[in-house]
Each structure stands twice: as C-alpha cells, then as structure tokens.
Amino acid sequence: MSGVVWRRSLWALWLVSIAFPCSAQRTRIEGRVTDGTTAEPLAFVTVAFQGSNVGTVTDTLGHFSLETGRSFDSLVVSLVGYHVEVLPVSLGVSEQVDVELFPSAIQMDMFTVRPGENPAFAVLRKVIAHKEENHPEHLRAYRMEAYHRVRFDLNNFTDKIKRNVLLRPFDYLWDYGDTTTDGVRYLPILLTESSEEHYYRRDPPARKQVVKGRRVVKFFKAPRISAFVEDMYVDPDLYQNYVELLEHPFPSPINDHYRRNYDFLLTDSGQVLNGRSCYHITFKPKGRSDVAFTGDMYIDEQTFALVQADLAFSIEANINFVRNYWIRQTYGRVENKQWFLLKSEVLADFTVVENSAEMTGFFGRKTTEFRNIRMDEPLPDRFYAGVDAVVIEDGALERDSTFWQAARGDTLALTPEEKGVEELVGRMNTDPRWVRLMNLGKMVGSGWLPWGPVDVGHVFTFYSFNRVEGPRFKLGLRTNERFSKRIVLGGHAAYGLWDLRLKGGGDVLVHLARNGSKRWSLGANYRYDLVQQGRTGNMIPLDHILTSAIRISGQERRMLVDDRKAFAERQWCTGFTTRVGVYRKEQMALGSLFQERRAEGDTVAVGAYTSAGAEFVVRYAWGAKNLPGSFHEVDRSLYFLKYPMVTFELLAGFKGLWGGEFEQRSYKLKVEHQVRMNKAGFLHILAEGGAMDGSVPYSLLHTPDGNPLVLNDNHAFNLMNYLEFVSDRYVSLQLEHHLEGLLLNKIPLLRRLKLREFVLAKGYYGTLSEANRTGPYLLGEGMRTLDRPYAEVGFGIENILKLARIDFVWRLDQLDGPKVLPFVVKPSFYLRF
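Colleague: What exactly am I supposed to notice about the overall build of the protein here?
Modeller: Each helix and strand in the protein was counted, giving 12 helices and 41 strands. Projecting the C-alpha coordinates of the protein onto the three principal axes gives extents of approximately 105 × 75 × 60 Å. Taking all 833 residues of the protein together, 48% fall into the buried category. Long-range contacts, defined here as pairs at least 24 residues apart, represent 64% of the contacts in the protein between residues at least 6 apart. Carbon and sulfur atoms make up 57% of the accessible area of the protein, which totals about 40,600 Å². Treating the 103 positive side-chain charges of the protein as one cloud and the 100 negative ones as another, the clouds have centres 4 Å apart.

The structure is reproduced here in structure tokens:
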C-alpha cells in the first residue's frame, strides 16, 4: 500500500469515529446479593451473563459490578447451596439490581462454612485435615507396578518446512504424520517405554525402584528433548505442599497454605465420578504470571481425598519453551481402604516462542499406570540395603516384544502412530543423507564433527591467538560410541608460530564391566601444552578462537606444563565415586610470568619445577549417574539435587619420586547445593576450603579462580585477575539468590518478557604460612597475599530472550592492585526452563 493510500485510510477511519461516537452500546449492572431467609450478604456468588464467559463474583459485602458492550438478555446469579436466579437484562442501559438467593436442598453438614467465607475453603480445610490418612505414605509399606510411556511429536510443521533445503531430501518423513481434530499437523519422532516396580517402607524410611525394562526409539539426539523426556517421567504428588515440574516448584492446590497461592470456587457437590460422590472445585493462580496451576479437582465427599485433578499452567507463567502443559491425575481406593494414584496423563506443547500458536514445536505426551498395588507387606531389610534408589535389572534395555506387550496390559496397546515411529527411525538412521545432516548439527552444537568411529574437533580451537604462542593451530581427535562404549581415546596436536613449539596430548579411559550401578574405570592422560592457573573449567576452552578477544583486565599469564597422570576410579553406587591416582607435573613459566628463588643471598631464575605424588578424591552427588571423580568438574546437569554435592581431595607430593622436588600435603573440601525457597526462588551455595603443608613455589599454592574475561563465570570471582592472590590456607563462599521473577513479574510492562532477577555475594580469604612467606620461593610479579577478605557483590537479570544473563558486579576491597576494575557488567548465556 502506498503512503498516500495509507494516509487516506487513516483519515477515513478518523472521520467514521467522529461521525459515530456512540455506535457501541454499553450495558452496566450493579447490585447486591443477599440470603433470602436471613438477609445476610453473600460473598463469592457467581454473577454472569447467560451463555457467556463474561462474569464476576461478589465481594464480602455481596456487592458486584458488571459491564459489557455485547448483547445479552439474561443475568445468571448462582452459588453452591442456593437456587440459581436468572434475571432479564435491559440492553444499553445502567441499572441497579438487588438479588435474593434461597437455600437449595444441597447439604453441607459435614463441615462449617464461616460467615462471609468462600464455601470452597470449608471443603479444603477438611482436605488438609485428612491429607495424612489419604496419602499412601502413612502405610507401613506398599509396592506396585508402574508402566510409563512418553511420546514426542513435531507439531505445527507447514508446507514451507517441507520445502526447506535441509529436509527436502526426506519427503517420506511426512507420510508418518497426522493432524489433530483442531487442524494441527504433527509427526511422531520419539517413543520411550519403561516398566518398573516401586517399593516403599515407612519405618525406617526407604524407597526403591527396580527398572524391569526400558527402551527408547528416536532418530536424532537433542539435549533439551532429553531433558523434557526426563521431566515428564515425574508424577506430581499433590499431597505435598510443592511439586517440581520443569525445574520449577509449583504450589499444590491442596497446599497447607492454599489461600496464599490460589483463588478457589466450589462449583458443585454431589457430582458422581468413578462411582464416588464428589465436590467439584476450580482454582486459578492469584497472579497472572505466578508459577502455579489453573484447573479443577474432584474431592470425595466421604473421605475428602482427591478423586481426580486436572492441572495446567498458562504461557504467562515465567517458564520457558512451554506453550501449554496439562496434567490429569486419577486416583482410586484400593481394597476400599487406601487412596492411590492410579493413572497420570500429561500433554505438553513445547516451542521456542510460547505465545505463537503457529510456531513449530513439539508435543510431549506421557501416560503412566500403576497396577497390582499391595499394602502393608514390608520386605526384609536386605532388600533395601545399599543407597541406590533406582536399580536397573540386567537385560532391562534388551527386552523383546513379548515382554512389552505384557507390560502395556490391556488398556495401553501401541497406537498405529506409535508403531510407525519405530519404522520411521529405522529408515532415517540408515539414510546416509540424514546421518550427514545429523553430524553437521552435532558439529555446530558441540564443536566436534563425527567421522566414522572418530570425532574431529574442537572446530572452534582449530585457530586461536595469544601473546605467548601468537597464532596457534590445533587439531583434535576422539573416539565415539561407534568405536566403543567402554574404551574412550582422545588426543590433540598444536603449534604456535611465535614460540615454535609443537605441543599435544592424549587420553585413554577404559570402563570395566558394570555390576548394577557399580563400575571400575581406569584412565591415563598426558599433556604438554599451555595452561592458565586460576581459571575454572566452566568457561569456553582456553584456546577457543574467542578467548583472546574477550579479556578486559589483567595479563595473560600462561604456563607450559608436562603433565602425566594415571588413575583408577570406582563408582560404588549411583552418585558416589572415589578416585586414586598418581601424577608427575613439570611447570615452566612463559611470557611475562617468571619463576624465581633465593639462593645464597641472591635471586635466580628457575626454568621449571617438577612435582610428583598421589591423589585421592571422594565425590558424592545424590542420584547422579556416571559421576566422574574429579575435584574441579563443573556440570550444570548436577543442579537441584536432593542433597548437597560434596567433593574432597587429598594430594600428597613426594620429594625424589620421579624427579619430584617437593614434599607437600594438600587438603580441599568443596560443597555445592541449590536450596529451593518455593515462591522466593532458590539459593545457589558454593563453599570451598583448603589447607596445604610444605614450602613450595607459587605454581603449587592455591590461587582463587578469577575471570578477567568479558563473559561472566558464575563459579569464579568476576572482578579478580588470574594469579592475583595466592595462599596455602583459604576459605571461599559464593552465594546467588535467584528470585525467579518474584519482583519483575509484578511490573505489567515487563511481565511478558519473563525476566528473572537475582542478587549475589562472593567472598574469599586466604593466608600464607611462615614457610611460604620467608621460604626460598618468590611470588610472581603482581601476586600478593590477603590481609583482609576479598568480596564482590552484585545483582543481575537473567532469562533475557530465554538465553542471556547480565551481571552488575562491584569489587568492595583490594582495589589498589594493578589493572583492577571496581565495577563491571558481564553477560553470559545458557538455557533454562
């Protein structure tokens, strides 16, 4: 449309609005509702135009006000326990009406409704009072069989997607698709099944889950899809005050403090569901953006137990990648004695842009059935022995079709669409064009390009630049599962044009036969390359192409190491690992970094120091599978564990062993945990302490993890330079309180952005013993000890465009050092629900 036509259209619309200013008539009704027998005002009465969703409820004095521009001729006034009144409406006028409601035959003599109170509260009080007896965990013991099925479908794919240059060669894909009743196209792409037995004992408390069979059918790997699948295996326990879904705590609608979180409406009583007479209660969150459910539930009138609950949450809730999420929990009374959850159904719609109804995404569907429930038959103590909460039976991943047919039972046979998933997966995984496309996707996502049984990479480290090596070129190789699932090999070679040194390294890791969750692993590695002391493993690789471009303070202080290690690692059970190893390390200072020592009243430069000895590591992370026994491992998948993650390291250096020059003992303890604070978000705690004995050079002392890069590192001190402080006794505490939108959700203009706020505080204090202050080994230039604690504080905003976080950080002390910044703004990037 041209500019002239556009302006004329605007003028025409303006003239029409002037000529017909009152073309839409408004109907306004105000009034008061009272009890027809007592004349008392009635609160929480539903007042609505008949045949519409335009309505309101009365306040505690019985008053209401309702307005509409639509044409309605009747007003419906209703309250559970009273006869419904239907009143005529005069269109286009304002009127005042007083309504009297008279009690109906519905009896509520099992509980008391307080004057001016929402009638739903009287029912909910009874539900809370009976929670313990209605929850099966008050039994001495129980056991049951469980069958889970999860299916994921690609949805909202259009003809444009079909014509996409990447998918055009796979036109047979769409033969396996279908359309929902409301016209949404979908294509099943993943199917998982699990057959399990669940056991519970009250005293002493014990749980055990035995996986009898498990299978996964899919034609591509995606980390976020795997996370969605894992989360859908959870069956929310509504008898708990909070249930966790998609990494967020949701208040149960029968939370002990239900009034704080939801608005309730008792819509009916005497409804028969599954043979039980029920109260029907609907509920919605207090706030539009609250992480809470909208839905309804049926409460048994005799026992006040849950009979059925339908739960959903809105796209306005501060949760990412979810367009819709619906849960149905169905309960039954076993042997007419105890209520149990018998069936759980989930239908989720995941997408990148939640408020776009046409954006391509994924349907996630989950069905769970619990069967053959047996009560009060405790098993012997030896059955619960050990700390593994989940045990996978031998052969569970290799069950045949006969097993799965029996596991599904009579009610959950595979649909034709689900049978088609297996056929489609087989066809895709044998199509070389699809394999090449998946390999390209893996390279973009991980930096490694699969090439048969070997991966080539890391592609973003092929070239980099630093002030020691100058232009650096590197090539790395590692084996993948096509080579072996039990043997992992890797290595790299690198060369710098300034230092003219050929560098490299190699690794080997062998997983011995597994016995349940118990497993031995043997490993060895060699590295002759540059390292940066005081840098965490939470950042991009040291030789990433971007590293040289994002430093904002401090100096590049790299060392050349000749590092050799061998270790034996034992996973004793899920989440508990120990490691015993030996090492020899030679460290050479490069560039602006020097190593010096006192000798006969003079100072002499030292080319390299050699240390050798043994290490012992103990690591505990409840429920973590295949937990590596490394003190410095950083893994975001280990967040929100039930108990704190604890790691202890003992390092013993021996003088004379393999050329070692130092006698040293080092002890370190690290504790990390995320504490749920329900509506107030969560608190991330990272605490560490250590002590070292022996007189050693600074390269063997402790230096806190600094981060002079432009990107934020939430495991480091982001205003501290590398090698700025050294100590041999230290404590460190890092706190981040993530409020998860608690404040920003209340600001109308920001609510739709789903921003989340957080505050942080970090502190470090270390000392240097007399042996290392006055000993023969000098500190490097710019290094110093602490006479008072170092501290950083700040705040920030995260979930920016669902992937970015910005930290505003202030350094409170030790501001007199070289190239020190008192304040910085740093971004970082990661995905969360």
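Colleague: Before we go on, may I ask you to explain the pattern of salt bridges in this structure?
Modeller: Any two side chains of opposite charge can pair, on the condition that their charged atoms come close. Using the criterion set out here, one finds 45 salt bridges in the structure. Notably, a salt bridge pairs Arg201 with Asp381, separated by 2.8 Å at the nearest N-O pair. Of the two residues, Arg201 sits in strand S10 (residues 185-201) while Asp381 sits in helix H7 (residues 381-384), which places them 180 residues apart along the sequence. You can call Arg201 buried: its relative accessible area is 9%. With relative accessibility at 58%, the residue Asp381 sits in the exposed group. Arg472 serves as the salt-bridge partner of Asp543, at 3.2 Å between the closest nitrogen and oxygen. Note that Asp543 is positioned in the loop between strand S28 (519-531) and strand S29 (559-573) and Arg472 in strand S25 (residues 470-479), a separation of 71 residues in sequence. Arg472 gets classed as buried once you look at its relative accessible area, which sits at 3%. Salt bridges sharing partners connect three or more residues here, namely Glu469, Arg472, Lys474, Asp499, Lys503, Asp529 and Asp543.

Colleague: Please clarify how the pairing of strand S17 (residues 306-313) should be interpreted in this entry.
Modeller: A regular strand places its side chains on the two faces of the sheet in alternate fashion. In terms of burial, S17 is largely enclosed, as 7 of its 8 residues are buried. Here strand S16 (residues 294-300) runs beside S17; their pairing, made up of 6 bridges, is antiparallel. Bridge assignment links Tyr298 to a residue of S17, and that residue is Gln308. Taking the residues between adjacent antiparallel strands as the criterion, S16 and S17 are bridged by 5 residues, where Phe304 takes a positive phi near 55°.

Colleague: What exactly am I supposed to notice about the packing of aromatic side chains here?
Modeller: Summed over the entire model, instances satisfying the criterion amount to 34 aromatic pairs. An angle of 15° between the planes, with centres 5.1 Å apart, marks the rings of Phe49 and Phe72 as stacked. Residue Phe49 is located in strand S2 (residues 46-49), and its partner Phe72 is located in the loop between strand S4 (63-68) and strand S5 (74-78); the two are separated by 23 residues in the primary sequence. Taking 5.2 Å as the distance between ring centres and 90° as the angle between the ring planes, the aromatic pair formed by Phe383 and Tyr384 counts as edge-to-face. Taking relative accessible area as the criterion, Tyr384 reaches 10% and is therefore assigned buried. Joined through ring pairs, the aromatic side chains of Phe152, Phe250, Phe293, Phe313, Tyr325 and Phe350 make up one cluster.

Colleague: Looking at this structure, how should I read the environment of Lys474?
Modeller: Along the chain, Lys474 falls in strand S25. The contacts of Lys474, once residues within four sequence positions are left out, are Thr461, Phe462, His492, Ala493, Ala494 and Asp543. Within the local environment of Lys474, its side chain forms a polar contact with the side chain of Asp543, the two groups lying 3.0 Å apart.

Colleague: Where do I start with helix H8 (residues 401-408) in this structure?
Modeller: Helical geometry note: an α-helix holds 3.6 residues per turn, so side chains three or four residues apart project in the same direction. Those residues of H8 that fall on the buried side of the exposure criterion are Trp404, Ala407 and Arg408. Burial along H8 is one-sided: seen end-on, the buried residues are contained in an arc of 95°. When the buried face of H8 is taken as reference, the exposed residues oriented beyond 90 degrees from it are Thr402, Gln405 and Ala406. In this structure, the buried residues of H8 make contact with strand S8 (141-155), S10, strand S11 (206-218) and strand S20 (361-375).

Rules of the game
Residues numbered from 1 in each chain as written. Predicted model: local features only at pLDDT ≥ 70, side-chain atom pairs only at ≥ 80, totals over all residues. Heavy atoms only, no water. Helix = DSSP H or I, 4+ residues; strand = E, 2+ residues; numbered from the N terminus. Buried < 20%, exposed > 50% of the residue type's maximum accessible area, 1.4 Å probe, protein only. Contact = heavy atoms within 4.5 Å. Areas by Shrake-Rupley, 256 points an atom, 1.4 Å probe, with all protein chains shown as cover. Lys, Arg positive; Asp, Glu negative; His and termini not counted. Charge placed at Lys NZ, Arg CZ, Asp CG, Glu CD. Salt bridge = Lys/Arg side-chain N within 4 Å of Asp/Glu carboxyl O. Pairing = 2+ DSSP bridges. Phe/Tyr/Trp six-rings, centres within 6.5 Å; stacked < 30°, edge-to-face > 60°. Polar contact = N/O pair within 3.5 Å; in protein donor to acceptor, adjacent residues only side chain to side chain. Arc of directions from axis to C-beta.

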